[in-house]
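Coordinates in review
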Amino acid sequence: MKMTFRWYGESDPVTLSHIRQIPNMSGVVTAVYDVPVGQVWPRERIAALRALCQNAGLAMEVIESVPVHEDIKLGRPTRDLYIQNYAENIRRLGEAGVRCVCYNFMPVFDWLRTDLHEKTEDGANVLAYEHQTLASLDPAHLSLPGWDESYTPDQLSGLLAAYRGIGHRELFDNLVYFLRGVLPACNEVGIDMAIHPDDPPWDMFGLPRILSSEEDIDRLFAALPDPHNGLTFCTGSLGAGRDNHLLRMAEKYARAGRIPFAHIRQIRYRGERDFAECGHLTAAGSLDIFGIVRALVRGGFDGYVRPDHGRNIWGEDGKPGYGLYDRALGATYLNGLFEAVQYYEREN
Ligand SMILES: [Mn+2]
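Residues numbered from 1 in each chain as written. Predicted model: local features only at pLDDT ≥ 70, side-chain atom pairs only at ≥ 80, totals over all residues.

The subject of this paragraph is the overall build of the protein. Summing up its helical and strand segments, the protein has 12 helices and 12 strands in all. Its C-alpha atoms give the protein a radius of gyration of 19 Å, within 12% of the compact-globule value 20 Å for 348 residues. The principal-axis extents of the C-alpha atoms in the protein amount to approximately 55 × 45 × 40 Å. Each of the 348 residues in the protein was classed as buried or not, and the buried ones make up 42%. When contacts within the protein are restricted to residue pairs at least 6 apart in sequence, long-range pairs at least 24 apart make up 71% of them. (Helix = DSSP H or I, 4+ residues; strand = E, 2+ residues; numbered from the N terminus. Rg over C-alpha atoms; globule rule 2.2 N^0.38 Å. Buried ≥ 20, exposed ≤ 12 C-beta atoms within 10 Å, placed from the backbone. Contact = placed C-beta atoms within 7 Å.)

Here it is in structure tokens:
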């Protein structure tokens, strides 16, 4: 296991020197953030980012993420150009020492929450999701906390209209087409593609989502057995699906060598679909974090791990989910779990 920490670049209020001081921290998970989606990242920008990390004593082996252009997800004729650009990014990143690229294939909207500052009993702030609240919104005029509003209302309406012809089957075929285009570059330079599961793991606003369950993941690996076709095992995203058996999935995909990267975080179930995020500890929420770590270790997992969203605590007013303090506590807790489980598994 290699412990890592997400870092949003030089504008991130969390500094590399602070990250470096977290015990057992091997590197950061970052990206070139200001190049438009679909374009090739300049070599000098990748090199500069890598130098910043290395000078701070941190590796830059995981990129989260290289975003996938909507034309690729929609299967538009322009996708071939964007896929070529993506493959070129993979080659450039591989040459810069990157070993893993996290990406997702969710149409239009990435992760969704209804509250980014829900106050908890102990005075912390957490992210929360209320399904009815979200489902009742008009996606063409979405104003959500954290939603970057990078589309104008007209662009958003156009995009939503374009997806009317795209069901689960079409979206899946477009994912396979995309991966067929980029996996040769991954093989050339030794990069694992690690798809992030849907967050939350169900269709939103009538848009299909295709990486929500064990069945979905099995389908992807069956379609493309290439060993560089991997998964970001995100416990919070998959865990929001009440039917997902995380312990079984963790061990199964680790054993198959399909988990180059794990996001580990805890959520607490509320209603049928509602949840709030919380501290990483097993006792803090609904997921068996200890059991998941044990399942990963038993499956022979040796990939990258990062604590996922944390609470905002101790007066820190950072990027929701991405402050320093609670993610550092999460990393420390996960270090302890891995150490204990690995020790125990060796002895028995
Ligand atoms: Mn995640």
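Of all hydrophobic cores here, the largest spans 85 residues; its most connected members are Cys-100, Val-101, Val-182 and Leu-296. With seven residues, helix H7 (residues 168-189) is the single largest residue contributor to this core. Excluding residues that lie within four positions of it along the chain, Val-182 makes contacts with Ile-83, Tyr-86, Ala-87, Ile-90 and Met-193. (Core = buried A, V, L, I, M, F, W, Y, C linked by C-beta atoms within 7 Å.)

Time to look at the packing of helix H10 (residues 246-255) against helix H11 (residues 289-298). Across the interface, H10 lies against H11 with an axial gap of 7 Å and an inter-helix angle of 20°. For the element pair H10 / H11, the angle class is roughly parallel. For the pair H10 and H11, the crossing hand works out as right-handed. Contacts between H10 and H11 pair Leu-246, Leu-247, Ala-250, Glu-251 and Ala-254 from the former with Gly-291, Ile-292, Ala-295, Leu-296 and Arg-298 from the latter. (Axes fitted to C-alpha atoms, helices over the stretch in contact; angles between N-to-C directions. Parallel < 35°, antiparallel > 145°, perpendicular 65-115°, else oblique. Left-handed = near helix turned anticlockwise from the far one by under 90°.)

Here helix H4 (residues 79-95) crosses H7 at 20°, and the two axes come no closer than 9 Å. Looking at the two axes, H4 sits roughly parallel to H7. The hand of the H4/H7 crossing is right-handed. Across the interface between the two elements, Ile-83, Tyr-86, Ala-87, Ile-90, Arg-91, Gly-94 and Glu-95 of H4 pack against Phe-178, Gly-181, Val-182, Ala-185, Cys-186, Glu-188 and Val-189 of H7. For the contact of H4 with H7, the residue count by class is nine nonpolar, two polar and three charged. (Nonpolar A, V, L, I, M, F, W, Y, C, P; charged D, E, K, R; others polar.)

With respect to topology, four strands assemble into an open sheet ordered S5-S6-S11-S10, the strand pairing being antiparallel. Taken across any chain shown, the strands that pair with only one partner, and hence form the sheet edges, are strand S5 (115-119) and strand S10 (266-269). On average, each strand axis in the sheet is inclined to that of its neighbour by 40°, with strand direction left out of account. Sheet analysis places S10 next to strand S11 (residues 275-278), joined by four bridges and oriented antiparallel. Bridge pairing in S11 links Ile-267 to Glu-277. (Pairing = 2+ DSSP bridges.)

Once that is clear, we can look at the sheet that holds strand S7 (residues 192-195). Here eight strands make up a closed barrel; going around it, the order is S1-S2-S3-S4-S7-S8-S9-S12 and the pairing parallel. Neighbour-to-neighbour, the strand axes of this sheet turn through a mean angle of 30°, independent of strand direction. As paired elements, strand S8 (residues 229-234) and strand S9 (residues 261-264) share three bridges and run parallel to each other. Counted as the bridge partner of Phe-233 is Ala-262 from S9.

With that settled, consider the environment of Pro-42. Topologically, Pro-42 is positioned in the loop between strand S2 (25-30) and helix H2 (43-55). Take Pro-42: there are 12 C-beta atoms within 10 Å of it, and that puts it in the exposed class. With 218 residues separating them along the chain, Pro-42 and Pro-260 place their C-alpha atoms 25 Å apart.

Right, let's talk about unusual backbone geometry for a bit. Residue Ser-65 is reached from Glu-64 by a cis peptide bond, and omega for that bond is -5°. With an omega dihedral of 0°, the bond running from Asp-199 to Pro-200 counts as a cis peptide bond. As for its position among the elements, Pro-200 is in the loop between S7 and helix H8 (214-223). Look at Phe-205: it is not a glycine, yet its phi comes out positive at around 50°. Mapped onto the elements, Phe-205 comes out in the loop between S7 and H8. According to the C-beta neighbour criterion, Phe-205 is partly exposed, with 17 such atoms within 10 Å.

Relative to the assigned elements, Val-37 resides in the loop between S2 and H2. The spatial distance from the C-alpha of Val-37 to the C-alpha of Pro-67 is 6.1 Å, given a sequence separation of 30 residues. With residues near it in sequence (within four places) discarded, Val-37 still touches Pro-67 and His-69.

To continue, consider the pairing of S5. Here is the key point about a regular strand: its side chains alternate between the two faces of the sheet. Note: S5 against strand S6 (residues 125-129), three bridges, orientation antiparallel. Paired with Glu-118 across the two strands is Val-126, which belongs to S6. Between the antiparallel neighbours S5 and S6 lie five residues, among them Gly-123 with a positive phi of about 90°.

In S11, alternate side chains face the same way, and those of Phe-275 and Glu-277 on one face and Ala-276 and Cys-278 on the other are all buried. Pairing of S6 with S11 involves two bridges; the strand directions are antiparallel. Paired with Tyr-129 across the two strands is Phe-275, which belongs to S11. The antiparallel hairpin formed by S10 and S11 contains five residues in its connecting segment.

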